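Working through the structure, step by step
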Amino acid sequence: LAASFGAHVTAAVSPRNTELVRSLGAADIVDYTATDPATTGPYDVIVQVAGTASPNHLRCALTPKGTLVLSSGQGRLNGVGRILVASLLNPFVSQRLAVLMTKENRTDLQAIVDMLADGRIRSVIDTTYPLAEAVAAFRHLESGHTRGKIVLTV
């Protein structure tokens, strides 16, 4: 989405996902298996969608007025610990520490549908499971190595 709106996107991924994220619009790649993404930058915005790095660690890669958006559910207390730390730190740092919160509405959902339809963005589906195999789908998700979304069919 960010790339489709004109942002210069840098993605931190393992080598096996380099071409995938480039095809989705990432201009630059950081191989997190070889380089700590927090030592790169500075970035205006970091959106953490996976991983266990602490907010303090990620802040090192932000500009002084940058924004860190947390959405990951990994780590202590399923990621809640990291979100609590960010919330407590937020009033005391120059950077903005935020939690990704969504509120669906018809206008935004229609915009996403339109972007999918005309190819500005695309969805990546890793695996499709029948509903009867939901447990296997969750096990696959918990492996931490999916390349896209997992879909349950009804």
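Comments concerning the pairing of strand S4 (residues 62–70)
With respect to burial, S4 is a largely interior element, seven of its nine residues being buried. As paired elements, strand S3 (residues 43–48) and S4 share five bridges and run parallel to each other. Across the sheet, the residue bridging to Gln 48 is Leu 70, located in S4. Examined bridge by bridge, S4 and strand S5 (residues 96–99) share four bridges and lie parallel to one another. Counterpart to Leu 68 in the pairing with S5 is Leu 97.

Points about the sheet that holds S4
Spatially, S3-S4-S5 is the arrangement adopted by the three strands of the open sheet, whose pairing is parallel. With partners counted over all chains shown, the strands left at the sheet margins are S3 and S5, one partner each. Sheet twist, expressed as the mean angle between neighbouring strand axes with direction ignored, is 15°.

Here's the deal with the environment of Ile 46
Its place among the elements puts Ile 46 in strand S3. Ile 46 sits 99 residues away from His 145 along the chain, and the two C-alpha atoms are 21 Å apart. Setting aside residues up to four positions removed in sequence, Ile 46 forms contacts with Leu 58, Ala 61, Leu 62, Thr 67, Leu 68 and Val 69.

About the cut-offs
Residues numbered from 1 in each chain as written. Predicted model: local features only at pLDDT ≥ 70, side-chain atom pairs only at ≥ 80, totals over all residues. Heavy atoms only, no water. Buried < 20%, exposed > 50% of the residue type's maximum accessible area, 1.4 Å probe, protein only. Helix = DSSP H or I, 4+ residues; strand = E, 2+ residues; numbered from the N terminus. Pairing = 2+ DSSP bridges. Axes fitted to C-alpha atoms, helices over the stretch in contact; angles between N-to-C directions. Contact = heavy atoms within 4.5 Å.

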